[in-house]
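Breakdown of the fold
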Amino acid sequence: MQSPPIKCLTQELLDEVAASSRSSPRQRRNYNFHDLSEKVQRFVNVLQRGTYVRPHRHLRPPDVNGFEFFAVIQGEVGILILNENGQILRSLRVGAAGPTRAVELPEGTIHTLVALAADTVILEFKEGPYDAAADKHFLPGFPAEGSAAARELVRLWEAEFKG
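Presented here is an overview of the structure given in this document. As the structure is a computational prediction, the values presented were derived from the model and not from experiment. (Residues numbered from 1 in each chain as written. Predicted model: local features only at pLDDT ≥ 70, side-chain atom pairs only at ≥ 80, totals over all residues. Heavy atoms only, no water.)

Along the chain, H34 falls in the loop between β1 (28-32) and β2 (40-47). Given the relative accessible area of 7%, H34 is considered buried. In terms of polar contacts, H34 uses its side chain to reach the backbone carbonyl oxygen of R42, at 2.9 Å. Those residues within four positions of H34 in sequence are excluded, and the remaining contacts are V40, Q41, R42 and F43. (Helix = DSSP H or I, 4+ residues; strand = E, 2+ residues; numbered from the N terminus. Buried < 20%, exposed > 50% of the residue type's maximum accessible area, 1.4 Å probe, protein only. Polar contact = N/O pair within 3.5 Å; in protein donor to acceptor, adjacent residues only side chain to side chain. Contact = heavy atoms within 4.5 Å.)

Shown next, in the form of structure tokens:
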């Protein structure tokens, strides 16, 4: 029986994923270290400035822990915590060189992300397995990706982290 391969997170890999994210219409790209069926999801998410992450929360089945752990290993991201009405309750600046470098959000926390630097890399951990149909519960009333309203919302959210 052959043992699983050793997987390395290298700068070369990050540069490749970042280049792919820059040419993506979503201005972000994931690279998974896990198979979707695995119990632990571990991946990098590379975000470019201007990407729109529709506000959402994770509500998992009772036997799955719904936490989400973000560690910024390159660049900087703003995390906005929202209430049910979409109002900002808290903003967190998380960066590879900042005083806060990682955040764990408990299950059910409504949030969005704002890339504050080009080629921002987040290392994420969540309990799996991944189920695309149930992974995210989007907050109603927010615009769809790719719309002019979404781009304007990103500009407003970026302003939360100026200064």
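Attention now goes to the pairing of β2. β2 sits mainly inside the fold: six of its eight residues count as buried. As paired strands, β1 and β2 are joined by five bridges and run antiparallel to one another. Across the sheet, the residue bridging to N32 is F43, located in β2. Sheet topology note: the β2/strand β9 (residues 120-127) ladder contains eight bridges and is antiparallel. (Pairing = 2+ DSSP bridges.)

Turning next to the sheet that holds β2. One open sheet accounts for five strands, arranged β1-β2-β9-β4-β7; its pairing is antiparallel. Two strands bound the open sheet, and with one partner strand each, they are β1 and β7 (102-105). Along the sheet, successive strands turn relative to each other by an average axial angle of 20°, direction set aside. Here strand β4 (residues 68-74) runs beside β7; their pairing, made up of four bridges, is antiparallel. If you follow F70 over to β7, its bridge partner there is V103. (Axes fitted to C-alpha atoms, helices over the stretch in contact; angles between N-to-C directions.)

Tallied over the full model, the rule gives 12 salt bridges. Between R42 and E38 there is a salt bridge, with the nearest N and O atoms lying 2.9 Å from each other. In this structure R42 comes out as partly exposed when scored by relative accessible area, which is 25%. Taken together, the shared-partner salt bridges connect R60, E68, K126, D135 and K136 into one network. (Salt bridge = Lys/Arg side-chain N within 4 Å of Asp/Glu carboxyl O.)

Helix length check: helix α1 (residues 11-22) (12 residues) gives 16 Å between terminal C-alpha atoms against 16 Å at 1.5 Å per residue, within 8%. Inspection of α1 places L13, L14, V17, A18 and S21 among the buried residues, and these make up the whole buried set. The buried side chains of α1 occupy one side of the element, clustering within an arc of 135° when seen end-on. Buried positions along α1 lie against β1, β2, β4 and β9. (Expected span 1.5 Å × (residues − 1). Arc of directions from axis to C-beta.)

Turning our eyes to something else, we now look at the environment of S91. Along the chain, the position of S91 falls in strand β6 (residues 88-95). Judged by its relative accessible area of 34%, S91 is partly exposed. Sequence separation of S91 and H111 is 20 residues, and the distance between their C-alpha atoms is 9.6 Å. Every residue in contact with S91, bar those within four places of it in the chain, is listed here: I79, L80 and F161.

In short, shape yes, function no, at least from these values alone.
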